[in-house]
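Reading the structure
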Amino acid sequence: MSDVLAEPGSLDERGDPATAALAVDGLELAYEVRGIPRAVLRGVSFQVRPGEAFGLVGESGCGKSTTAYAALRYLPENAVVQAGRVLAQGDDILQMSKSALRKFRIEQASMVYQDPVQALNPTSRIGHQVAECFTVLGESKSEAQASALAALRRVKIAAPESVMDRYPHQLSGGMLQRVVIAMALASDPQLLVLDEPTTGLDATVEAEVLDLVRDLREETGAAILLIAHNLGVIRSMCDRVGVMYAGRIIEEGSAQDVFDNPQHPYTMGLLNAIPRQGLRKTDRALFTIPGNLPGIGSDLPTCVYVDRCPIADDLCRTEVPPKVSVGTDRWTRCHHVERLSEIVEPEAVVTEYEIASDNVIELDGVSKTFRQRGHEVPALVSVDLGFHEGETLGLVGESGSGKSTLAKTLLGVHAPDEGGSVNLRGRPMQGKAGDRIQESIRAISMVFQNPDSALNRSWTVRRILRRTVTKLTSIRGEEADERVESLAEAMRLSQRHLDMRPKQLSGGLKQRVAIARAFAGDPDVVVCDEPTSALDVSVQAAILNLLANLQNDERTSYLFITHDIGVVRYLADRIAVMYLGRIMEIGATDVMFSEVNHPYTEALLSAVPSVDGEAENRIPLTGEIPSPANPPSGCVFHTRCHRAIAGLCEVTEPEMVELSPGHRIKCHLTVEQLSEPIEISPADVLAEIADLPD
Amino acid sequence: MTAIDDTPESNDPVPAPDAAPDVDSREAAAAGRKAARHETLRLLMKRPAFIGGVLIVMIWVVCALFTNLIAPYNPLDYRTGLNMSPSWSHPFGTDKGGRDVLSRVIAGARDVLKIAPIAAMLGVLGGVILGLLMGYLRGAFDTVASRVVEAFLSLPVVLLALLAITTLGNSNWVVIGVVATLFTPVVARTVRSAVLAERELDYVTSARLRGESSLFVMYREILPNISGPIIVELTVRIGYAVFTVATLSFLGAGPPPPSPDWGAQVSDNYNSIVAGYWWSTFFPAAAIASLVIAVNLIADSIERVVKS
Amino acid sequence: MVITLWMLATIVFLLVNVLPGDVGRKVLGPTARAEDVARLNETLGTDRPLLQQYFTSIKNLVTLNFGDSYQSGTPVSDLVFPALGRSAKLALLAFVITIPISIAAGIFAARREGKVSDRVVVNAGLASSSIPEFVTASVLLAVFAVQLGWGKVYANVPDGTSFFGQLDYLLLPALAMVFSYFGYIARMSRSGVIASLQSDYARTATMKGLTSGQVMRRHVLRNAMAPTITVISVQVGYLFGGIIGVEKVFNYAGLGSTMLNAVGKKDIPVLQTSVLIVGVIYMVSTLLADLLIALLNPRIRLDAD
């Protein structure tokens, strides 16, 4: 049953704060903007015990990054600590002298950053930068050089001497992150803080970096504070998790408990907004959380979640919810824990409907080669692909896979090479959009990844939509105005929104405008290029629901490009997997996840960290993604494939083979061979330098 | 039972400031734009640099417009003694031709304020057009035009202007034309970089995919988004124009004597400094300095407000 | 670059030759006899069609034949190159003074961003670079040379003066130029350092436990200097616009004065050559700047393969 716990001082039930690797106690922090303090952290308290991995999870603006940087006292000039302490091994970091702080940063705590490319000095060699971590410990120059070399080996870099000599721009993101980790571990710190360490890395690379951190943590026994918005990453890495919202931790417990059985309306909302456990759109719509994430400095005197909570009542508006124990070593901040079961699943979006069997769009032997600085870069190689009317085709792939190029060729930004064609209802279209007839232009539209870039910031929403309508169709005048208004309504945009400019709208609203624009001409196919990657989870769910609904109503086909396996599994009817410009596998979604897969798909699927904690048989991939300018011979995947057959795979490029009706792969292996399990230990895999993809 | 439904996020951080709730939202939008301009002006007015700059410019504008009313003496007339030091009757003294320096300084504002702003505006107009074409169309046109621009930029404006004016004559319109022509490549380069950056954004791709013509994209899609840098450039160019015109008239390429143009005054009288007659040079020189500094203060303030 | 040079020569030729009236008349004056004017035109070649003159002019340039002065008949190279040397001395002095002071001021201001000292530096730079060089020169002349007796009114250095003696002549005109360039260079240095201080790699360096001085020296400065170097190279090019005014005020017989005289006398060979030299100097300085930047920034260096 629930026991109300005492407030600060409740820090103690996890152990003596003085012995914690990190103990944040009642931290209240604000940023001063033009003289007005805007609250960012509203009384954050938690402990990271020695050797423990603690995760802080939340959406943008919740304060998790600020907390991480506060742990090392790296705060901007205008940050004001209004209350609280940050203890590391008993000493309050916030009160330390500058030299003590430096000593702390050198010896006791280190950080790994979100963007490793930017985090390293572009004009200084890697070796020099890593060695600096050792000279700061007092080593001599030559000692530091040797230590640097050893450090790089420790993070499983295959040829450390070569890496030492290079500059950051010559190495990939994954390799650079290893370097940053090496630097962080130089002093064998007691506390390692990681701020979104794998955001922006490809899935396979991300998995390897996380593996590395896990291994090193075992080796060194360091305590870890991990900041992430990806729940799967937190689950796979952390023992304990704190969920943050609007500058407060609203739930804390072991990662397993919190994610399997959330005890706060927000955590529940978050978990239900993510498509997981194989959820499909035909099962149900995604949970959405109405309202907006509160901005920094919002006035939230009582329960921070009250404006968006489905079970909020007057009590929630008048009193700050206390910490309520909901299990061993678990607590939540809610007045109404017992009413959590009232929160209900939404209805399914899509009932079974017939997807037509004819292709509305066909790519026939489409290749696209770019010339870059004298090299030829084959971005697409002989792609054959068809879209049925009303279906969602998911396109998955990592950097250099060619998925963006495919989308652009479909749209007509690029013309395909000689010999290939893009056909609309059986008839070939002109390569470039400028040459196409009106009908073809209208038939295919796009939703871009970044709504800030995709909408003209000087135009009002109304103008953006109206221009699209009048340009793509023959509708004019009053009828055009009416169409604009009905589009807005379909996207749940209010009339007020129509007269605003993009910068006055939130990310989710902007993306709705972008979708409205994509539908303005009544297209047959909408290409969605990572439409939700830049959005928070709760907003993403609403957009995915919207897209599913629209498809239901308009029977539009989608080419849905994403790197998020959960999302593609949810939304797509069929999935195609690309690698270095070639389609490696394609099939119906259910089939893709039940039958055997192409080795690349297999590795990709195993790389995704799951929020459900399924024990994955991780298949690590050696090396890095080759540059499209320099593709390997034979099957382009053979350099990283654990199932490669010597003498065959590096010599001949495989044909597309049908494993079962509609399920095709580009592989030499048979179903039997693909079904055999693989024995590979991630510890054996070293990271090698490859030429960078352009 | 409570159900979660798919309502989108509520609203926007910045509501239209001047709109009453029951007013048609299009009027609200127009009111919003007006309010945005007021907002910019309000932010500018907070800056002492801006206010100072505007004040000084206003003083000179008044001098230029109302010379005959303000100037105590006829600027072209010999009065009493040559090179008389400043006194109550001649606060700035007299120059080597016996003319009252104060009156000449007041009158000198006229030519500069006529020539410089027009030259700057024409130069910016030309530069914007050229920069848009170069940055958006790229290809052969851009390559060739860039070479030409580079050639022009490798010589100081003053030098080229000097050459041109000496050959073409020094009427006001020649000066305006020459300065405007020499400013065009400079402005074009700035505009071109701004256009190059905008061009990469997805709304441009979206417009092209709609089938919009190049003219439409340049003028209606891109141009509104680079108006900030253009305005800054305009004010900076006005400052340069004053600077250049003053230097040209100092070097002898300005309006012919006995015109009270400031640069010419310095040119006429600097030799007298050795003899100890500093005022006939100092005051016109200070006038030049004050105007250029004032314009640059305004330009700097606008740049800071636009950037934020 | 060759193309740009060629365009430059063409522009100069056009500018100089769109002359109403003929050269011979301009040189000899309105009272000279017609036959003399005609003979001069023939000698100079200015009676031939324009296109032919253009080709001749280009050919001469390529063979480094700069011709003779219309005015005095002496070879242009004898006039122009020594003058160039004198201007160069002045310019060098100006830059030797400006560059360290401006860069240091920029760094100083950047470290104190937003504070009063920062605003002072920025506004001082803004003000001083707004003032035309000849204005500063006149004021310096009046205040220091005449009233206070420091420095010289006529800056031409007599042969054989000692190094420090030369400074006495050259310091005031050089200072006039320093005033103009300080502003640009200081502001560019400041913004480069600010951007660098706000970068992620500066953050990494701080988190490593380095002192702020170490962060500045080892990580920030190297990355901050590229735009400043570019600005300096541009200033070198524009130098010759400003130096004309300064040379006139101080009666210094540098390239600026030479050009001014040539303009007045329509001495085309001298003019053409001088202007071309200015253009070449600008191009060389931008080239050097690019090289220097590539040296500092390995990304540019290594990508050039």
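Please read these numbers as outputs of a predicted model, since none were measured by experiment.

1. Re the overall build of chain B
Regarding its fold elements, chain B presents 12 helices and 0 strands. Of the regular secondary structure in chain B, the N- to C-terminal order runs α-α-α-α-α-α-α-α-α-α-α-α. Taking all 308 residues of chain B together, the buried fraction comes to 50%. When contacts within chain B are restricted to residue pairs at least 6 apart in sequence, long-range pairs at least 24 apart make up 69% of them.

2. As for the overall build of chain A
Per the secondary structure count, chain A includes 24 helices and 25 strands. Computed over its C-alpha atoms, the radius of gyration of chain A comes to 26 Å, within 12% of the 26 Å expected for a compact globule of 694 residues. Per-residue burial over chain A gives 53% buried out of 694 residues. When contacts within chain A are restricted to residue pairs at least 6 apart in sequence, those whose partners lie at least 24 apart make up 69%.

3. A closer look at the domain arrangement of chain A
All names here are of chain A. Domains assigned within chain A are domain 1 (3-108 + 187-342), domain 2 (359-580) and domain 3 (584-685). Taking the mean C-alpha position of each, domain 2 and domain 3 sit 29 Å from one another. Between domain 2 and domain 3, the contact holds 18 residues from the first and 21 residues from the second. Elements represented by at least two residues in the side of domain 2 that touches domain 3 include exactly strand S15 (375-388), helix H21 (565-571) and strand S22 (574-579). By residue number, the principal contributor to the side of domain 2 that touches domain 3 is S22, which donates 6 residues. Considering only residue class, the side of domain 2 that touches domain 3 consists of 11 nonpolar, 3 polar and 4 charged.

4. Concerning the sheet that holds strand S18 (residues 427-428) of chain A
Residues and elements named next belong to chain A. The strand order across the open sheet built from 4 strands is S15-S14-S17-S18, with neighbouring strands paired in antiparallel fashion. Each having just a single partner strand, S15 and S18 make up the two edges of the open sheet. With 4 bridges connecting them, strand S14 (residues 359-372) and strand S17 (residues 421-424) associate as antiparallel partners. Within S17, the position partnered with Glu362 by the bridge is Asn423. Along the sheet, helix H13 (residues 403-411) contacts S14, S15 and S17; its crossing angle with S15, the most-contacted strand, is approximately 65°.

5. Section: helix H11 (residues 262-269) of chain B
Burial of H11(B) is extensive: 8 of the 8 residues sit out of reach of the surface. For H11(B), the full list of buried residues reads B:Trp262, B:Gly263, B:Ala264, B:Gln265, B:Val266, B:Ser267, B:Asp268 and B:Asn269.

6. Some words on helix H23 (residues 599-607) of chain A
Within H23(A) the residues assigned to the buried category are A:Pro599, A:Tyr600, A:Thr601, A:Ala603, A:Leu604 and A:Ala607. In this structure, the buried residues of H23(A) make contact with helix H8 (203-220), S22 and strand S23 (582-588) of chain A.

7. Description of the packing of H11(B) against helix H12 (residues 279-307) of chain B
Between two packed helices, both the angle of their axes relative to each other and the distance between the axes serve to describe the pair. All names here are of chain B. Here H11 crosses H12 at 150°, and the two axes come no closer than 8 Å. Put simply, H11 runs roughly antiparallel to H12. Seen from above, H11 lies across H12 with left-handed handedness. Judged by residue contacts, Trp262, Gly263, Gln265, Val266 and Asn269 of H11 engage Ser280, Thr281, Pro284, Ala285, Ala287 and Ile288 from H12. Residue composition of the contact of H11 with H12, grouped by class: 6 nonpolar, 5 polar and no charged.

8. Quick look at the interface of chain B and chain C
Contacts between the two partners involve 39 residues from chain B and, on the opposite side, 39 residues from chain C. Listing elements by their share of the side of chain B that touches chain C, those giving two or more residues are helix H5 (139-153), helix H6 (157-168), helix H10 (227-250) and H12 of chain B. No other element matches H12(B), which puts 10 residues into the side of chain B that touches chain C. Its residues placed into classes, the side of chain B that touches chain C shows 28 nonpolar, 8 polar and 3 charged.

9. Description of the nonpolar core
Within soluble globular proteins, side chains that are nonpolar generally end up buried alongside one another. By size, the foremost hydrophobic cluster in this structure holds 390 residues, and its most contacted members are A:Leu22, A:Leu225, A:Leu559, B:Ala161, B:Val179 and B:Val242. For A:Leu559, the contacting residues outside a window of four places in its chain are A:Phe387, A:Leu393, A:Leu395, A:Ala407, A:Leu410, A:Val525, A:Val527 and A:Cys528.

10. Here we look at the pairing of strand S12 (residues 323-327) of chain A
Sheet topology note: the S12(A)/strand S13 (residues 330-333) of chain A ladder contains 4 bridges and is antiparallel. Residue pairing for S13(A): A:Lys323 is matched across the bridge by A:Arg333.

11. Brief notes about the confidence of the model for chain B
For any part of a model where pLDDT is low, the fine detail of the predicted coordinates should not be relied upon. All names here are of chain B. Per-residue confidence for chain B gives a mean pLDDT of 83, with 87% of residues at or over 70. Mean pLDDT values for the elements of chain B range from 72 in helix H1 (residues 25-45) up to 94 in helix H9 (residues 214-222). Below pLDDT 50 for its whole length, residues 1-23 participates in 49 contacts with residues either more than four positions away or in separate chains. The ipTM for the predicted assembly is 0.86, set against a pTM of 0.87.

12. So, the pairing of strand S11 (residues 248-254) of chain A
Residue and element names in this part refer to chain A. The element S11 is largely enclosed, with a buried count of 6 among its 7 residues. Here strand S10 (residues 240-245) folds back onto S11 in antiparallel fashion, the turn holding 2 residues, of which Ala246 has a positive phi close to 50°. As judged from the 2 bridges shared by S11 and S13, these two strands associate in the antiparallel manner. Note that in S13 the partner of Glu251 across the bridge is Thr332.

13. Some points on the sheet that holds strand S2 (residues 22-33) of chain A
Residue and element names in this part refer to chain A. Here we have 4 strands laid out as an open sheet, ordered S3-S2-S5-S6, and antiparallel in their pairing. At either end of the open sheet lies a strand with only one pairing partner, and these are strand S3 (36-48) and strand S6 (91-92). Pairing of strand S5 (residues 79-88) with S6, which is carried by 2 bridges, proceeds in the antiparallel orientation. For Ala88, the partnering residue across the bridge sits in S6 and is Asp91.

14. Quick word on the packing of helix H11 (residues 265-273) of chain A against helix H20 (residues 537-554) of chain A
Residue and element names in this part refer to chain A. Between H11 and H20, whose axes approach to 9 Å, the crossing angle comes to 45°. The angle between the axes of H11 and H20 places the two elements in the oblique class. Pair H11 / H20 crosses with left-handed handedness. Touching Gly269, Leu270 and Ala273 of H11 are Val537, Ser538, Gln540 and Ala541, all from H20. Its residues assigned to classes, the contact of H11 with H20 shows 4 nonpolar, 3 polar and no charged.

15. Remarks on the environment of C:Thr136
All names here are of chain C. With respect to the helices and strands, Thr136 occurs in helix H7 (residues 133-148). Along the backbone, Thr136 and Val249 are 113 residues apart, and their C-alpha atoms lie at a distance of 9.9 Å. Not counting the four nearest positions on each side in its chain, Thr136 is found in contact with Ile131, Ala176, Phe179 and Ser180.

16. Some points on the confidence of the model for chain A
For chain A, per-residue confidence averages 88 on the pLDDT scale, and 95% of positions sit at 70 or higher. Note that residues 1-6 of chain A has pLDDT below 50 and, in this model, 12 contacts with residues that lie over four places away or in other chains.

17. Notes on unusual backbone geometry
The general pattern is negative phi for most residues beyond glycine and trans for most peptide bonds. Residues and elements named next belong to chain A. Phi at Gln89 is positive, roughly 50°, even though this residue is not glycine. Mapped onto the elements, Gln89 comes out in the loop between S5 and S6. Classification of Gln89 by C-beta neighbours within 10 Å gives partly exposed; the count is 16. In this model, Asp188 sits at a positive phi of 50°, which is unusual for a non-glycine residue. Tracing the sequence through the fold places Asp188 in the loop between helix H7 (173-184) and strand S8 (191-195).

18. Examining the environment of A:Ile224
Residues and elements named next belong to chain A. Assignment of secondary structure puts Ile224 in strand S9 (residues 223-228). Its 24 C-beta neighbours within 10 Å are what place Ile224 among the buried residues. In this structure, the C-alpha to C-alpha distance between Ile224 and Gln108, residues 116 residues apart in sequence, is 12 Å. Sequence-distant contacts of Ile224, defined by excluding residues within four places in its chain, comprise Ala53, Phe54, Leu192, Leu194 and Arg217.

Thresholds applied
- Residues numbered from 1 in each chain as written.
- Chains lettered and ligands numbered in written order.
- Predicted model: local features only at pLDDT ≥ 70, side-chain atom pairs only at ≥ 80, totals over all residues.
- Helix = DSSP H or I, 4+ residues; strand = E, 2+ residues; numbered from the N terminus.
- Buried ≥ 20, exposed ≤ 12 C-beta atoms within 10 Å, placed from the backbone.
- Contact = placed C-beta atoms within 7 Å.
- Rg over C-alpha atoms; globule rule 2.2 N^0.38 Å.
- Domains from an automatic or database assignment.
- Nonpolar A, V, L, I, M, F, W, Y, C, P; charged D, E, K, R; others polar.
- Pairing = 2+ DSSP bridges.
- Axes fitted to C-alpha atoms, helices over the stretch in contact; angles between N-to-C directions.
- Parallel < 35°, antiparallel > 145°, perpendicular 65-115°, else oblique.
- Left-handed = near helix turned anticlockwise from the far one by under 90°.
- Core = buried A, V, L, I, M, F, W, Y, C linked by C-beta atoms within 7 Å.
- pLDDT = per-residue confidence, 0-100.

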